[in-house]
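# Chain and residue survey
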Amino acid sequence: MTLLPNTYLAQFQSLRPDFPALAGDAVRASRERLGVSSQEPLELVELLDGVSNELCQIADAAELVRNVHPEEAYVQQASAAVQEVANFMSEVNLDSDLYNSMKVAESSEHFGNISLEAQTVLHHMRVSMEHEGIHLPEDAKEQCIQLLDAEQQLSFKILERQERSEASASGAWVPLSSLGALSAHARGLPQKNDEVLLPRHSALADQVLKTSPSAEARRRIHEAVTGGDAEEGMVSLLAVRQHLAKLRGYESWAHYAQRDSLLQSPQHVEHFLEAAWHRLRPGLLAELQILAEEKSSLGDPSKLEGWDLPFLLHRCKQKHQTADQISQYLTYESLLNGVRLILSRLLGLEFTQEEPAPGELWHPSVQKFGLRDDNNNLLGVLYLDPFQRAGKKVQSAQFTLQGSKVLSDGTRQTPKTSLVYALPQGVHNLTPSFALTFMHEIGHAVHSLLSETHFQHLSGTRGTIDFVEFPSHLFEHFVSDPECLASYAVSGAGKSLPLELQRAHRQRPFSQIEAVQQLLYAVVDQAFYTYHPVGKPEAQVAAVQQHLRDSFSKFELDGPFNGSLVELLGLASPSRFDHLVHYGGSYYCYLFNRALAAHVWRQGFQSDPFNAKAGTRLRGGPCSLLFLTRKDLWLARHAEKRPA
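Rules used throughout
- Residues numbered from 1 in each chain as written.
- Predicted model: local features only at pLDDT ≥ 70, side-chain atom pairs only at ≥ 80, totals over all residues.
- Heavy atoms only, no water.
- UniProt positions renumbered as here; feature names shortened; annotations may be inferred.
- Helix = DSSP H or I, 4+ residues; strand = E, 2+ residues; numbered from the N terminus.
- Buried < 20%, exposed > 50% of the residue type's maximum accessible area, 1.4 Å probe, protein only.
- Contact = heavy atoms within 4.5 Å.
- Areas by Shrake-Rupley, 256 points an atom, 1.4 Å probe, with all protein chains shown as cover.
- Core = buried A, V, L, I, M, F, W, Y, C linked by side-chain atoms within 4.5 Å.
- Expected span 1.5 Å × (residues − 1).
- Bend = angle between axes of the 7 residues up to and from the residue.
- Phe/Tyr/Trp six-rings, centres within 6.5 Å; stacked < 30°, edge-to-face > 60°.
- Lys NZ or Arg CZ within 6 Å of the ring centre and 35° of its normal.
- Salt bridge = Lys/Arg side-chain N within 4 Å of Asp/Glu carboxyl O.
- Pairing = 2+ DSSP bridges.
- Axes fitted to C-alpha atoms, helices over the stretch in contact; angles between N-to-C directions.
- Polar contact = N/O pair within 3.5 Å; in protein donor to acceptor, adjacent residues only side chain to side chain.
- Parallel < 35°, antiparallel > 145°, perpendicular 65-115°, else oblique.
- pLDDT = per-residue confidence, 0-100.
- Arc of directions from axis to C-beta.

Taken from UniProt, the Subcellular location (unreviewed entry) comment for the protein chain reads in full: "Mitochondrion". You can read under Sequence similarities (unreviewed entry) in the UniProt record for the protein chain the words "Belongs to the peptidase M3 family."

Next comes the structure, spelled out in structure tokens:
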């Protein structure tokens, strides 16, 4: 298996049992190169980015392999390679000689003469080392190392507990009679006294929530899904992260997480969330009223409860089944044609399937595509891995394999990325939700492949946290806009999307409820990571929970429901919200980029989605919007500091 035609991974096919040795060779070569580091700013940046580039090519490809490869031997060896590189990076981050060289370079008279991109690379690398405690006194440095280790272990334990919880048999006992036609799927599950135990995160439990007329059965499942456990672990993680943020010079973990963001501070994030709430509130109330009327029509005039929402939403959406007929016009091939159309008409690029080199692909179903300009120059390579199979650990993800970079000989390194999905084999009619996901990930991929940075450190999606989701959300509009969808959605018989289906697609209901759920999760995230727990975790759980409840006071409304809005919308407790571990302090980015993309779409694309002039503005130039990288954002923010 070659995977990537570069010096290291070309050997992988013949050296599979020694895949970690490839990482070891790269680490040894990197250690030698860093041992003779220069203090001339540009030379040092070139050296550091070059070493990072070689290590990333090993680690990024290995990360892909261990998530998608069908053979366990590959997976194990890839995991070992990832660990080898990670261990070396931990060692580098505590190299005082290298850190001092970076400080000397930044303070030298030549620093102002190098490009702003080079300046920000050096700045970010130095700050990254400081986040590991390199600049602290020995006692504080040791404390930082211990906190980093504690953070890693706590994060792992929390996620592991969540996985065990989802895979366990724990759940809700519900009457067998409440399952109706679904009772056939309950065979083999624990039963007693005419009740059956439904695992709380199972597909069957989800179907009962959506379809069972039994409010009692739905209530039991709802409470099992949203209830919390082991909250002490989350409070312990919060305490560790707040301590780390303080050592790094930040007021809170939220301030640290947003240090390079567009919004820049929790205060600005809070202002955005409040503004979004005021815009969403009227539509939310209207949608809840529709659900309340639906409940009343079933002979139950009582107010809405949290366990009513999935059931009533499902019923109301069934009344819009015309829109579901769009699936017969959504095939994998039609979505690929949509990508070709967007890139060709909007960006003037060709999206062509390429012949892979022997051993380049990790499975026969993987496809290789090239992104080429009008002179047939290869701008980027995309590997599409679309179908389910044994051993594939992800459902929808992008894996960067090689970033944009100008090499020592003056040529540009070709960006490469992979998109991974989990489509059932042989399925021809795809859901509109999958089409959205597909185009969302295509937005990420195109962002990566059209990046033109000098240094790979700032390439593509390695950008500021609250901008990196903008291209992907913008590309979703090429599915959600009916006219755009009609330009490439064709049935297996070759028929185009009818006008009545286009109208139905535009009128899909209940988007406000989903947006407010995202908003409230962002509120949880911000409130959690601006709170400073004091004392033992078990004693702080109640205080943290009260702080979170207080944070929702601005986001309540009088409506046709019992309890709080948070309870109604079924927000999980912190111990079940894994984004608090992965994206602590930055969950608002999804809603922010959704709003930003919608604004840009209305202003620049809605009237003419394939306008080549708008495409030019997106792709590059002084008014570039779509393919901004962290370099561009930093340049815009610091342009006034550029030396004369």
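Moving on: the overall build of the protein chain. The secondary structure content of the protein chain amounts to 25 helices and 10 strands. Considering the protein chain as a whole, with its 644 residues, one finds that 53% of them fall into the buried category. Across the protein chain, every contact between residues at least 6 apart in sequence was considered, and the portion connecting residues at least 24 apart equals 72%. For the protein chain, the exposed surface amounts to about 29,000 Å²; the carbon and sulfur share of it is 50%.

Further remarks concern the environment of P364. With respect to the element layout, P364 can be found in the loop between β4 (350–353) and β5 (367–372). Residue P364 is classed as exposed on the basis of its relative accessible area of 79%.

L273, L288, L291, L304, L519, L520 and L565 are the most contacted members of the largest nonpolar core, which totals 69 residues. In terms of residues, this core owes the most to one element, helix α19 (residues 511–528), which gives 11 residues. What L273 contacts, discounting residues up to four positions off in sequence, is L519, A522, V523, Q526, F555, Y588 and L591. Counting 52 residues, the second largest nonpolar core, distinct from the first, contains L346, F351, L450 and L618.

This brings us to helix α2 (residues 41–68). Between its terminal C-alpha atoms α2 stretches 40 Å, which fits the 40 Å expected from 28 residues at 1.5 Å a residue. Within α2, the axis deviates most sharply at C56, by approximately 25 degrees. Taken across its 28 residues, α2 has 21 buried, putting it largely inside the fold.

Another point: the packing of aromatic side chains. One pass over the structure, following the stated rule, counts 20 aromatic pairs. Taking 6.0 Å as the distance between ring centres and 75 degrees as the angle between the ring planes, the aromatic pair formed by W277 and F555 counts as edge-to-face. With W277 in helix α11 (residues 266–297) and F555 in the loop between α20 (537–551) and α21 (565–568), this residue pair connects regions lying 278 residues apart in the sequence. By relative accessible area, which is 4% here, F555 ends up buried. A centroid spacing of 5.4 Å and a plane angle of 40 degrees characterise the contact between F467 and F470, whose relative ring orientation is tilted. Assigned by exposure class, F467 and F470 land together as buried. The aromatic ring of W173 is capped on one face by K192, whose charged end is 4.8 Å from the ring centroid. One Lys or Arg, R218, reaches over the ring of F311 and ends 4.3 Å from the middle of that ring.

For the coordinates displayed, the defined rule picks out 26 salt bridges. Linking E294 and R315 is a salt bridge whose minimum nitrogen-to-oxygen distance equals 3.0 Å. Linking E294 in helix α11 with R315 in helix α12 (residues 309–318), this pair joins segments that are 21 residues apart in sequence. By relative accessible area, E294 is classed as buried at 6%. Each of E195, E216, R219, R220 and E223 takes part in salt bridges that share partners, so that together they form one network.

Reading across the sheet, the 3 strands line up as β1-β3-β2 and stay open at both edges, with antiparallel pairing between neighbours. Edge positions in the sheet fall to β1 (171–175) and β2 (191–192), since each has one partner strand and no second. The sheet contacts of helix α8 (residues 215–226) involve β1 and β3 (195–199), and relative to β1 the element is tilted by about 175 degrees.

Moving on, we come to the pairing of β5. With 6 of 6 residues buried, β5 is to be regarded as a mostly interior element. Residues of β5 alternate between two faces, with Q367, F369 and L371 on one and K368, G370 and R372 on the opposite face, all of them buried. With 4 bridges joining them, β4 and β5 adopt antiparallel strand pairing. Paired with T352 across the bridge in β5 is G370. Both β5 and strand β6 (residues 378–387) contribute to a ladder of 6 bridges, which runs antiparallel.

The 5 strands are arranged β4-β5-β6-β10-β7 in an open sheet whose pairing can be described as mixed. The sheet terminates laterally at β4 and β7 (397–402), the two strands that pair on one side only. Strand after strand, the sheet turns through a mean of 25 degrees between neighbouring axes, direction not considered. The sheet strands contacting α2 are β6, β7 and β10 (416–423), and the helix crosses β7 at an angle near 145 degrees.

You can see R241 is positioned in helix α9 (residues 231–247). Polar contacts involving the side chain of R241 include one to the main-chain carbonyl oxygen of V581, which spans 3.0 Å. The residues contacting R241, other than those within four sequence positions of it, are E151, S155, W253, Y529, L580, V581 and G584.

A separate point is the packing of α9 against α20. Between α9 and α20, the shortest axis-to-axis distance is 9 Å and the interhelical angle comes to 90 degrees. If you check the angle between α9 and α20, you find them roughly perpendicular. Of α20, the residues touching α9 (which contributes E231, E232, V235, S236 and L238) are P537, E538, Q540, V541, V544 and Q545.

Moving on to the confidence of the model for the protein chain. For the protein chain, per-residue confidence averages 83 on the pLDDT scale, and 89% of positions sit at 70 or higher. Below pLDDT 50 for its whole length, residues 1–17 participates in 52 contacts with residues either more than four positions away or in separate chains.

You can see I158 is positioned in helix α6 (residues 138–167). Expressed as a C-alpha distance, the spacing of I158 and V581, which sit 423 residues apart in the sequence, is 8.1 Å. Apart from the residues within four sequence positions on either side, I158 is in contact with G233, M234, L237 and V581.

Here we take up helix α7 (residues 203–211). Among all positions of α7, only L204, A205, V208 and L209 are buried. Down the axis of α7, the buried side of the element spans an arc of 140 degrees, and every buried residue falls inside it. The elements touched by buried residues of α7 are β3, α8 and α12.

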